[in-house]
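Working through the structure, step by step
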Amino acid sequence: MDILFNASAGSSLGIEVEPQLADRESRELRSGASQILQRLEAERGEAHPKAKNELIESNIELITGVCSTVAEARADLEGTLGEVVPVAHELGLALLCAGTHPFSEWSAQEITDNERYHRLVDEVQWPARRMAIFGIHTHVGVRSAEKAIAIANALCGYIPHFLALSASSPWWQGRDTRLAFARSKVFLGLAAAAVVALVAAVICLLSGCSRPTTGPARRDSSAPPAPAVPEPEPGPPPAGLV
(Lines give C-alpha, C1' and ligand atoms only; values in the text may rest on other atoms or scores of the structure.)
Protein backbone atom coordinates (compact mmCIF):
# COMPACT_ATOMS: atom_id res chain seq x y z
CA MET A 1 0.00 0.00 0.00
CA ASP A 2 1.35 3.39 -0.99
CA ILE A 3 1.54 5.94 1.82
CA LEU A 4 1.37 9.56 0.72
CA PHE A 5 4.25 11.69 1.99
CA ASN A 6 4.49 15.42 1.47
CA ALA A 7 8.20 16.06 1.13
CA SER A 8 9.88 19.37 1.90
CA ALA A 9 12.53 20.86 -0.36
CA GLY A 10 14.67 21.26 2.77
CA SER A 11 14.32 21.15 6.52
CA SER A 12 11.31 23.15 7.67
CA LEU A 13 9.45 23.88 10.89
CA GLY A 14 5.90 24.75 11.87
CA ILE A 15 4.45 25.24 15.35
CA GLU A 16 0.93 25.17 16.80
CA VAL A 17 0.30 26.61 20.26
CA GLU A 18 -2.98 26.06 22.13
CA PRO A 19 -3.19 28.63 24.96
CA GLN A 20 -5.87 28.47 27.61
CA LEU A 21 -8.27 31.39 27.83
CA ALA A 22 -8.76 32.32 31.48
CA ASP A 23 -10.77 35.03 33.18
CA ARG A 24 -8.36 37.69 34.45
CA GLU A 25 -10.25 38.02 37.73
CA SER A 26 -11.27 34.48 38.71
CA ARG A 27 -8.47 32.70 36.76
CA GLU A 28 -11.07 30.12 35.73
CA LEU A 29 -11.23 28.91 32.12
CA ARG A 30 -13.71 31.03 30.19
CA SER A 31 -15.19 30.85 26.70
CA GLY A 32 -13.97 33.55 24.34
CA ALA A 33 -12.11 32.13 21.34
CA SER A 34 -14.88 32.88 18.84
CA GLN A 35 -15.29 36.42 20.19
CA ILE A 36 -11.57 37.06 19.78
CA LEU A 37 -11.57 35.68 16.24
CA GLN A 38 -14.64 37.70 15.28
CA ARG A 39 -13.04 40.93 16.49
CA LEU A 40 -9.81 40.15 14.65
CA GLU A 41 -11.78 39.44 11.47
CA ALA A 42 -13.62 42.75 11.82
CA GLU A 43 -10.31 44.60 12.20
CA ARG A 44 -8.57 42.81 9.32
CA GLY A 45 -11.51 42.50 6.95
CA GLU A 46 -10.88 38.75 6.72
CA ALA A 47 -10.43 35.73 8.97
CA HIS A 48 -7.07 35.67 10.70
CA PRO A 49 -4.90 33.07 8.89
CA LYS A 50 -2.92 32.10 12.00
CA ALA A 51 -5.51 32.12 14.80
CA LYS A 52 -8.15 29.37 14.89
CA ASN A 53 -10.86 27.78 17.00
CA GLU A 54 -10.22 24.56 18.86
CA LEU A 55 -12.57 21.95 20.35
CA ILE A 56 -13.54 24.11 23.33
CA GLU A 57 -14.22 27.84 23.43
CA SER A 58 -11.70 28.36 26.27
CA ASN A 59 -8.89 27.33 23.92
CA ILE A 60 -7.53 29.23 20.92
CA GLU A 61 -5.01 27.83 18.44
CA LEU A 62 -2.13 29.94 17.13
CA ILE A 63 -0.10 28.62 14.21
CA THR A 64 2.98 29.65 12.28
CA GLY A 65 3.64 29.46 8.59
CA VAL A 66 6.30 27.13 7.20
CA CYS A 67 9.55 28.36 8.77
CA SER A 68 13.20 27.53 8.16
CA THR A 69 14.57 28.28 11.65
CA VAL A 70 13.40 28.29 15.27
CA ALA A 71 14.01 32.04 15.44
CA GLU A 72 11.72 32.57 12.44
CA ALA A 73 8.99 30.43 14.03
CA ARG A 74 9.27 32.34 17.31
CA ALA A 75 9.00 35.69 15.54
CA ASP A 76 5.97 34.40 13.62
CA LEU A 77 4.20 33.36 16.83
CA GLU A 78 5.08 36.63 18.57
CA GLY A 79 3.49 38.54 15.69
CA THR A 80 0.21 36.65 16.08
CA LEU A 81 0.30 37.01 19.87
CA GLY A 82 0.75 40.74 19.39
CA GLU A 83 -2.64 40.82 17.69
CA VAL A 84 -4.51 38.28 19.84
CA VAL A 85 -3.43 39.33 23.35
CA PRO A 86 -4.77 42.94 23.23
CA VAL A 87 -8.17 41.71 22.01
CA ALA A 88 -8.25 39.05 24.71
CA HIS A 89 -7.48 41.67 27.36
CA GLU A 90 -10.34 43.84 26.09
CA LEU A 91 -12.61 40.86 26.79
CA GLY A 92 -11.15 40.33 30.26
CA LEU A 93 -9.19 37.25 29.23
CA ALA A 94 -5.58 36.15 29.67
CA LEU A 95 -3.70 33.56 27.63
CA LEU A 96 -2.10 30.82 29.76
CA CYS A 97 0.27 28.05 28.68
CA ALA A 98 0.08 24.68 30.47
CA GLY A 99 -1.09 21.16 29.64
CA THR A 100 -4.16 21.36 31.89
CA HIS A 101 -5.88 24.05 33.93
CA PRO A 102 -5.28 23.42 37.65
CA PHE A 103 -8.85 23.72 38.88
CA SER A 104 -11.45 24.43 36.16
CA GLU A 105 -13.94 21.64 35.44
CA TRP A 106 -13.90 20.03 32.00
CA SER A 107 -17.69 19.59 32.16
CA ALA A 108 -18.16 23.36 32.31
CA GLN A 109 -16.36 24.00 29.00
CA GLU A 110 -18.39 25.03 25.96
CA ILE A 111 -17.88 23.00 22.77
CA THR A 112 -17.08 25.21 19.76
CA ASP A 113 -20.01 25.57 17.35
CA ASN A 114 -18.34 23.80 14.45
CA GLU A 115 -19.58 20.82 12.42
CA ARG A 116 -16.28 18.97 12.81
CA TYR A 117 -16.25 19.29 16.60
CA HIS A 118 -19.93 18.47 16.96
CA ARG A 119 -19.36 15.31 14.90
CA LEU A 120 -16.36 14.35 17.06
CA VAL A 121 -18.38 14.73 20.26
CA ASP A 122 -21.34 12.88 18.76
CA GLU A 123 -19.14 9.94 17.75
CA VAL A 124 -16.83 9.77 20.78
CA GLN A 125 -19.06 11.27 23.52
CA TRP A 126 -17.58 11.47 27.05
CA PRO A 127 -13.89 10.97 26.12
CA ALA A 128 -14.13 13.87 23.67
CA ARG A 129 -16.11 16.13 26.01
CA ARG A 130 -13.41 15.97 28.67
CA MET A 131 -10.62 17.08 26.29
CA ALA A 132 -9.97 20.28 28.27
CA ILE A 133 -6.28 19.91 27.56
CA PHE A 134 -3.79 22.16 25.82
CA GLY A 135 -0.55 21.61 23.94
CA ILE A 136 2.25 22.79 21.70
CA HIS A 137 2.81 20.83 18.49
CA THR A 138 5.97 21.00 16.43
CA HIS A 139 5.87 19.90 12.79
CA VAL A 140 9.18 19.19 11.06
CA GLY A 141 9.48 18.87 7.30
CA VAL A 142 12.12 16.60 5.73
CA ARG A 143 13.04 15.70 2.17
CA SER A 144 11.95 12.06 2.03
CA ALA A 145 9.83 9.43 3.76
CA GLU A 146 12.92 7.29 4.35
CA LYS A 147 14.62 10.15 6.17
CA ALA A 148 11.48 10.79 8.24
CA ILE A 149 11.41 7.15 9.38
CA ALA A 150 15.11 7.21 10.25
CA ILE A 151 14.71 10.41 12.29
CA ALA A 152 11.63 9.05 14.11
CA ASN A 153 13.49 5.84 14.97
CA ALA A 154 16.48 7.78 16.29
CA LEU A 155 14.28 10.02 18.43
CA CYS A 156 12.37 7.15 20.06
CA GLY A 157 15.08 6.73 22.67
CA TYR A 158 14.52 10.31 23.76
CA ILE A 159 10.75 10.11 24.34
CA PRO A 160 11.21 10.16 28.15
CA HIS A 161 13.35 13.29 27.81
CA PHE A 162 10.71 15.05 25.70
CA LEU A 163 8.05 14.14 28.26
CA ALA A 164 10.19 15.50 31.09
CA LEU A 165 10.86 18.77 29.26
CA SER A 166 7.22 19.32 28.31
CA ALA A 167 5.47 18.11 31.48
CA SER A 168 3.23 20.91 32.76
CA SER A 169 0.04 19.32 34.03
CA PRO A 170 0.30 17.96 37.59
CA TRP A 171 -3.18 19.24 38.50
CA TRP A 172 -6.56 18.11 37.12
CA GLN A 173 -9.82 19.67 38.33
CA GLY A 174 -8.28 20.91 41.58
CA ARG A 175 -6.59 17.63 42.48
CA ASP A 176 -2.91 16.76 42.65
CA THR A 177 -2.62 13.79 40.29
CA ARG A 178 0.89 12.85 41.51
CA LEU A 179 1.83 12.89 37.83
CA ALA A 180 3.93 15.52 36.09
CA PHE A 181 2.05 15.09 32.80
CA ALA A 182 -1.59 14.22 33.50
CA ARG A 183 -2.54 15.68 30.11
CA SER A 184 -1.35 12.54 28.32
CA LYS A 185 -3.64 10.31 30.38
CA VAL A 186 -6.65 12.43 29.45
CA PHE A 187 -5.63 12.39 25.78
CA LEU A 188 -5.31 8.60 25.79
CA GLY A 189 -9.07 8.48 26.32
CA LEU A 190 -9.38 8.93 22.55
CA ALA A 191 -9.10 5.61 20.73
CA ALA A 192 -6.82 7.02 18.01
CA ALA A 193 -4.39 8.39 20.61
CA ALA A 194 -4.23 5.03 22.38
CA VAL A 195 -3.29 3.31 19.10
CA VAL A 196 -0.53 5.85 18.46
CA ALA A 197 0.84 5.30 21.97
CA LEU A 198 0.91 1.53 21.43
CA VAL A 199 2.68 1.87 18.07
CA ALA A 200 5.23 4.24 19.63
CA ALA A 201 5.97 1.70 22.36
CA VAL A 202 6.48 -1.09 19.82
CA ILE A 203 8.78 1.07 17.66
CA CYS A 204 10.74 2.08 20.73
CA LEU A 205 11.28 -1.56 21.72
CA LEU A 206 12.28 -2.58 18.19
CA SER A 207 14.76 0.30 17.95
CA GLY A 208 16.49 -0.67 21.18
CA CYS A 209 14.95 1.74 23.66
CA SER A 210 15.36 0.07 27.05
CA ARG A 211 12.27 1.61 28.60
CA PRO A 212 9.46 2.76 26.29
CA THR A 213 7.46 5.60 27.73
CA THR A 214 3.88 6.08 26.56
CA GLY A 215 2.44 7.50 29.76
CA PRO A 216 3.14 10.53 31.91
CA ALA A 217 6.18 11.02 34.07
CA ARG A 218 5.39 9.95 37.64
CA ARG A 219 6.55 12.16 40.45
CA ASP A 220 8.57 10.62 43.28
CA SER A 221 6.03 9.16 45.72
CA SER A 222 8.20 10.27 48.64
CA ALA A 223 8.09 13.89 47.51
CA PRO A 224 5.64 16.26 49.20
CA PRO A 225 2.37 16.99 47.39
CA ALA A 226 2.28 19.80 44.88
CA PRO A 227 1.52 23.12 46.57
CA ALA A 228 -2.10 24.11 46.87
CA VAL A 229 -3.48 26.23 44.06
CA PRO A 230 -3.11 29.81 45.32
CA GLU A 231 -6.05 32.14 45.57
CA PRO A 232 -6.06 34.83 42.84
CA GLU A 233 -4.28 37.99 43.89
CA PRO A 234 -5.19 41.42 42.55
CA GLY A 235 -2.66 42.93 40.20
CA PRO A 236 -1.90 43.67 36.57
CA PRO A 237 -2.77 40.95 34.06
CA PRO A 238 0.02 39.13 32.21
CA ALA A 239 1.36 40.99 29.22
CA GLY A 240 1.09 37.98 26.95
CA LEU A 241 1.36 34.21 26.98
CA VAL A 242 2.02 33.06 30.56
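Residues numbered from 1 in each chain as written. Predicted model: local features only at pLDDT ≥ 70, side-chain atom pairs only at ≥ 80, totals over all residues. Heavy atoms only, no water.

1. Observations concerning unusual backbone geometry
Even without being glycine, Q125 reaches a positive phi, approximately 65 degrees. Position of Q125 relative to the elements: it lies in the loop between α3 (115-124) and α4 (126-129). The phi angle at Q173 is positive, at roughly 55 degrees, despite the residue not being glycine. (Helix = DSSP H or I, 4+ residues; strand = E, 2+ residues; numbered from the N terminus.)

2. Remarks on a nonpolar patch on the surface
Together, I151, L155, Y158, F162 and L165 line one region of the surface with nonpolar side chains, adding up to about 520 Å² of accessible area. Position of Y158 relative to the elements: it lies in the loop between α5 (145-155) and α6 (159-166). Residue classification places Y158 among the partly exposed residues on the basis of a relative accessible area of 45%. (Patch = residues over 30% accessible without salt bridge, like charges linked within 9 Å, V, L, I, M, F, W, Y side chains within 5 Å. Areas by Shrake-Rupley, 256 points an atom, 1.4 Å probe, with all protein chains shown as cover. Salt bridge = Lys/Arg side-chain N within 4 Å of Asp/Glu carboxyl O. Buried < 20%, exposed > 50% of the residue type's maximum accessible area, 1.4 Å probe, protein only.)

3. Some details on the pattern of salt bridges
Scanning the model with the defined rule gives eight salt bridges in all. Its salt-bridge partner being E46, residue R44 comes within 3.9 Å of it at the nearest N-O pair. Salt bridges here are not isolated pairs; linked through shared partners, they connect R44, E46 and E83.

4. Topic: the environment of P102
Mapping P102 onto the fold places it in the loop between β5 (93-96) and α3. Looking at P102, the relative accessible area reads 26%, which means it is partly exposed. Spatially, the C-alpha atom of P102 lies 8.7 Å from that of D176, the residues being 74 residues apart in sequence.

5. Some thoughts on the side chain of E54
Relative to the assigned elements, E54 resides in the loop between β3 (51-53) and β4 (60-63). Although E54 is buried, it makes no salt bridge; R116 carries the closest opposite charge, 6.0 Å away. Not counting residues within four places of it along the chain, the set of residues in contact with E54 comprises E18, N59, E61, T112 and Y117. (Lys, Arg positive; Asp, Glu negative; His and termini not counted. Contact = heavy atoms within 4.5 Å.)

6. Overview of the packing of aromatic side chains
Taken as a whole and assessed by the stated rule, the structure comprises one aromatic pair. Aromatic pair W106 and W126: ring centres 6.2 Å apart, planes at 80 degrees, arrangement edge-to-face. Placement of W106 in the loop between β5 and α3 and of W126 in helix α4 is noted, with a sequence separation of 20 residues between them. The exposure class assigned to W106 is buried, which follows from its relative accessible area of 17%. Cation over ring: R183 sits above F187, and NZ or CZ is 5.7 Å from the ring centre. (Phe/Tyr/Trp six-rings, centres within 6.5 Å; stacked < 30°, edge-to-face > 60°. Lys NZ or Arg CZ within 6 Å of the ring centre and 35° of its normal.)

7. Topic: helix α1 (residues 33-44)
Here α1 is twelve residues long and its end C-alpha atoms lie 16 Å apart, about the 16 Å a rise of 1.5 Å per residue gives. All buried positions along α1 are accounted for by A33, S34, I36, L37 and L40. Down the axis, α1 shows its buried residues gathered within 160 degrees of arc, on one side only. The exposed residues of α1 that point more than 90 degrees off its buried face are Q38, A42 and E43. (Expected span 1.5 Å × (residues − 1). Arc of directions from axis to C-beta.)

8. Describing the packing of α1 against helix α2 (residues 70-90)
Viewed as axis vectors pointing N to C, α1 and α2 meet at an angle of 120 degrees, and their least axial separation amounts to 10 Å. Classified by the interaxial angle, the pair formed by α1 and α2 is oblique. Handedness of the crossing formed by α1 with α2: right-handed. For the pair α1 and α2, the contacting residues are I36, R39, L40, E43 and R44 in the first and E83, V84, V87, A88 and E90 in the second. Counted by class, the contact of α1 with α2 contains five nonpolar, no polar and five charged residues. (Axes fitted to C-alpha atoms, helices over the stretch in contact; angles between N-to-C directions. Parallel < 35°, antiparallel > 145°, perpendicular 65-115°, else oblique. Left-handed = near helix turned anticlockwise from the far one by under 90°. Nonpolar A, V, L, I, M, F, W, Y, C, P; charged D, E, K, R; others polar.)

9. A short note on the nonpolar core
Counting 22 residues, the largest nonpolar core has I36, I60, L62, V84 and L95 as the members making the most contacts within it. Mapped onto this core, the elements with two or more residues apiece are β1 (12-17), α1, β4, α2 and β5. If one sorts the elements of this core by residue count, α2 sits on top with seven residues. In contact with L62, not counting residues within four places along its chain, are I15, E16, V17, P19, K50, A51, L77, T80, L81, V84 and L95. Counting residues in each nonpolar core, the second largest holds 15 residues, with W106, I111, A128 and M131 among its members. (Core = buried A, V, L, I, M, F, W, Y, C linked by side-chain atoms within 4.5 Å.)

Note that every value here comes from positions in space, so none of it alone points to a role or purpose.
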